[in-house]
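Here's the letter readout for the chains.
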Protein chains: 2
Amino acid sequence: MNVLIVYAHPEAHSLNGSLKDFSVQHLQQSGHQVQVSDLYAMNWKAQLDAADTLAPLVGEYFQASQDPRFAFEHQLQTADISAEQEKLRWADAVIFQFPLWWFSMPAIMKGWFERVYACGFAYGVGEHSENHWGDRYGEGRLAGKRTMLVVTTGGWESHYSPRGINGPIDDLLFPIQHGMLFYPGFSVLPPVVFYQVQKSAETRFSSWCDTLATRLDTLETCEPIPFRRQNHGDYAIPALTLKEEIAPGETGFGVHRER
Amino acid sequence: MNVLIVYAHPEAHSLNGSLKDFSVQHLQQSGHQVQVSDLYAMNWKAQLDAADTLAPLVGEYFQASQDPRFAFEHQLQTADISAEQEKLRWADAVIFQFPLWWFSMPAIMKGWFERVYACGFAYGVGEHSENHWGDRYGEGRLAGKRTMLVVTTGGWESHYSPRGINGPIDDLLFPIQHGMLFYPGFSVLPPVVFYQVQKSAETRFSSWCDTLATRLDTLETCEPIPFRRQNHGDYAIPALTLKEEIAPGETGFGVHRER
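In this text the structure is predicted, and so the values were computed from the model without any measurement.

For the rest of this paragraph, the subject is the packing of helix H3 (residues 79-90) of chain B against helix H4 (residues 107-116) of chain B. All names here are of chain B. One can describe the packing of H3 onto H4 by two numbers: an axis separation of 10 Å at closest approach and a directional angle of 90°. For the element pair H3 / H4, the angle class is roughly perpendicular. Across the interface between the two elements, Asp80, Ile81, Glu84, Gln85 and Leu88 of H3 pack against Trp112, Arg115 and Val116 of H4. Taken together, the residues that form the contact of H3 with H4 break down as four nonpolar, one polar and three charged.

Given below as structure tokens:
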């Protein structure tokens, strides 16, 4: 397989750096082709703005959807953006690895999504009608590709448990896994989460590598999270609410998984 | 009151820019002191890294918690970070205004939190023991201050409803409102959310301003979201799970609000 690792940590000598190096080596030894987008090392530009398009503005002022769309459609995006889109086209699987900072990904990776996921590339794709609300949530440009998060936290596993004070880890990752990955079509594998990483990292490193190796070895075969596909009958369109007869009376992130 | 508006949008002529200008004017006319951190206009540095500290590294390599903590404690942070912390100390209320991009705040604002919320300033504060797990989730350096999100979305309100495909807006904002705002002590007011803002923005602008004015007029009096305080008996410490007798059998973000 072709595997892209999108990775965000400011320090190469960190645990995250070591885990990323381990993944690259392990995947290569298993015969995969690997590319790494090391966002800090690349000095990735985090903020989406008018400098992302080499075209004249579509309207009187910069529009965060329409100008990137025009640039995408006319091959007038900046080189850093088009290079990342090319890596996504090349990849069969994409791993996003980062430390959980303030319950989400580091800003530099959020900015990777905002800029690489241009309108026309990752959203605003496909027919919009009474029966089909864009190619998204199970369809889209990245359909057929697999993805997996590799996340580290300082907090304890219990703090992220179903009744833990930080909120359940699956719910904290929902805006990423469902909203940013399933949205443009990725099949999203269950995440790999390493908790409480500051303490005794040295002694636990080899067990973390074992866990990671197991998950890397099943990248092609692991069952994805069964998120519901938008345009396959479960949702009323265009309201995009789950139909009454499905998970009746239930609410929240959990209803968007098939049972 | 002293009101700080932290604002992120790349285009001054956008709807977000107009709403921000309206808020500044309305607050000033009501007799409040207002400061604005316009992150795009300030060219705010989004990525947390070793350049944020003017001190030598504490260890052999950069550590994302310990080096910012040392810099904070020794007044060796960069000037942009200490200026924002000073604005937070000055403020009685802080408004965070942004467009919802990929179900969260823009990268540039995420980077504001990562860098301004230094270890020792906004986390890693207070006693850590069997009875008290840091001054956080209801305690902390920003206790006594109020905060409110002002958010715009392209999607429809139904898409963000309790059974909407994007997930309920309250759950999408939980990692911000609970994890980033309640965490260092803010009293978090219910958010102001404007949906489907691309279409017919001109004709709906005055009604949005009316809504915003009403909420700005009640900044001092509006009832905060009743998130549960960490160190006041509801949670088992140090597991930090909600005690069994509280909301028995329930899970998810909702259990962290008092009924």
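From this point, the discussion proceeds with the structure in view.
Bringing the packing of aromatic side chains into the picture now. Evaluation of the coordinates by the stated rule reveals 39 aromatic pairs over all chains. Centre to centre, the rings of Phe72 of chain A and Phe121 of chain A are 5.7 Å apart; their planes meet at 65°, and the pair counts as edge-to-face. One end of the pair, Phe72 of chain A, is in helix H2 (residues 66-73); the other, Phe121 of chain A, is in the loop between helix H4 (107-116) and strand S4 (146-152), and 49 residues separate them in sequence. Here the two residues Phe72 of chain A and Phe121 of chain A agree in accessibility, since each one is buried. When the ring of Phe253 of chain A is compared with that of Phe253 of chain B, the centres are 6.0 Å apart and the planes differ by 80°; the resulting orientation is edge-to-face.

Attention now moves to unusual backbone geometry. Trans peptide bonds make up the majority, and among non-glycine residues the majority have a negative phi. Residues and elements named next belong to chain A. For the bond running from Ile237 to Pro238, omega is 15°, close enough to zero to count as cis. Here Pro238 lies in the loop between strand S7 (235-236) and strand S8 (241-242). The backbone of Asn43 sits at a positive phi, close to 55°, despite the residue not being glycine. The topology assignment puts Asn43 in the loop between strand S2 (33-38) and H2. For Asn43, a relative accessible area of 58% corresponds to the exposed category. Its identity is not glycine, yet Gln75 carries a phi of approximately 55°, on the positive side. Its place among the elements puts Gln75 in the loop between H2 and helix H3 (79-90).

On to the nonpolar core, then. Ranked by internal contacts, the top residues of the largest apolar core, which has 118 residues, are Trp112 of chain A together with Trp112 of chain B. Those residues in contact with Trp112 of chain A that lie beyond four places of it in its chain are Val6, Leu39, Trp44, Glu84, Leu88, Phe96 and Tyr117 of chain A. The next biggest cluster of nonpolar side chains, apart from the first, holds 24 residues, and it includes Leu15, Ala93, Val192 and Leu216 of chain A.

Now for the packing of H4 of chain A against H4 of chain B. It is the contact of H4 of chain A with H4 of chain B, at a shortest axis distance of 8 Å, that shows an interaxial angle of 175°. Between H4 of chain A and H4 of chain B, the angle falls in the class roughly antiparallel. For the pair formed by H4 of chain A and H4 of chain B, the contact residues are Ala107, Lys110, Gly111 and Glu114 of chain A on the first element and Ala107, Lys110, Gly111 and Glu114 of chain B on the second.

Looking now at the environment of Val125 of chain B. All names here are of chain B. With respect to the element layout, Val125 can be found in the loop between H4 and strand S4 (146-152). Classification of Val125 by relative accessible area gives buried; the value is 13%. Val125 sits 114 residues away from Ala239 along the chain, and the two C-alpha atoms are 18 Å apart. What Val125 contacts, discounting residues up to four positions off in sequence, is Gly120, Gly134, Asp135 and Arg141.

What follows deals with the pairing of strand S2 (residues 33-38) of chain B. All names here are of chain B. The pairing of strand S1 (residues 2-7) with S2 spans six bridges and is classified as parallel. Its bridge partner being in S2, Asn2 is matched across the sheet by Gln33. Crossover connection from S1 via helix H1 (residues 15-29) to parallel S2: handedness right-handed.

Side-chain pairs of opposite charge can arise where the charged atoms are in close proximity. Residues and elements named next belong to chain A. In the structure shown here, the tally under the stated rule is 24 salt bridges over all chains. Between Asp21 and Lys20 there is a salt bridge, with the nearest N and O atoms lying 2.9 Å from each other. Classification of Lys20 by relative accessible area gives buried; the value is 13%. Salt-bridge contacts for Glu114 lead to Lys110; the nearest nitrogen and oxygen are separated by 2.6 Å. Placement of the pair is Glu114 and Lys110 together in helix H4, with a separation of four residues, close to one helical turn. Comparing Glu114 with Lys110 shows no difference in burial state: the two are buried. Put simply, Lys45, Asp49, Asp52, Asp80 and Arg115 are held in one network by salt bridges that share partners.

Cut-offs applied
Residues numbered from 1 in each chain as written. Chains lettered and ligands numbered in written order. Predicted model: local features only at pLDDT ≥ 70, side-chain atom pairs only at ≥ 80, totals over all residues. Heavy atoms only, no water. Axes fitted to C-alpha atoms, helices over the stretch in contact; angles between N-to-C directions. Helix = DSSP H or I, 4+ residues; strand = E, 2+ residues; numbered from the N terminus. Parallel < 35°, antiparallel > 145°, perpendicular 65-115°, else oblique. Contact = heavy atoms within 4.5 Å. Nonpolar A, V, L, I, M, F, W, Y, C, P; charged D, E, K, R; others polar. Phe/Tyr/Trp six-rings, centres within 6.5 Å; stacked < 30°, edge-to-face > 60°. Buried < 20%, exposed > 50% of the residue type's maximum accessible area, 1.4 Å probe, protein only. Core = buried A, V, L, I, M, F, W, Y, C linked by side-chain atoms within 4.5 Å. Pairing = 2+ DSSP bridges. Right-handed = clockwise from strand over helix to strand, strands pointing away. Salt bridge = Lys/Arg side-chain N within 4 Å of Asp/Glu carboxyl O.

All we've got here are geometric facts, nothing functional implied.
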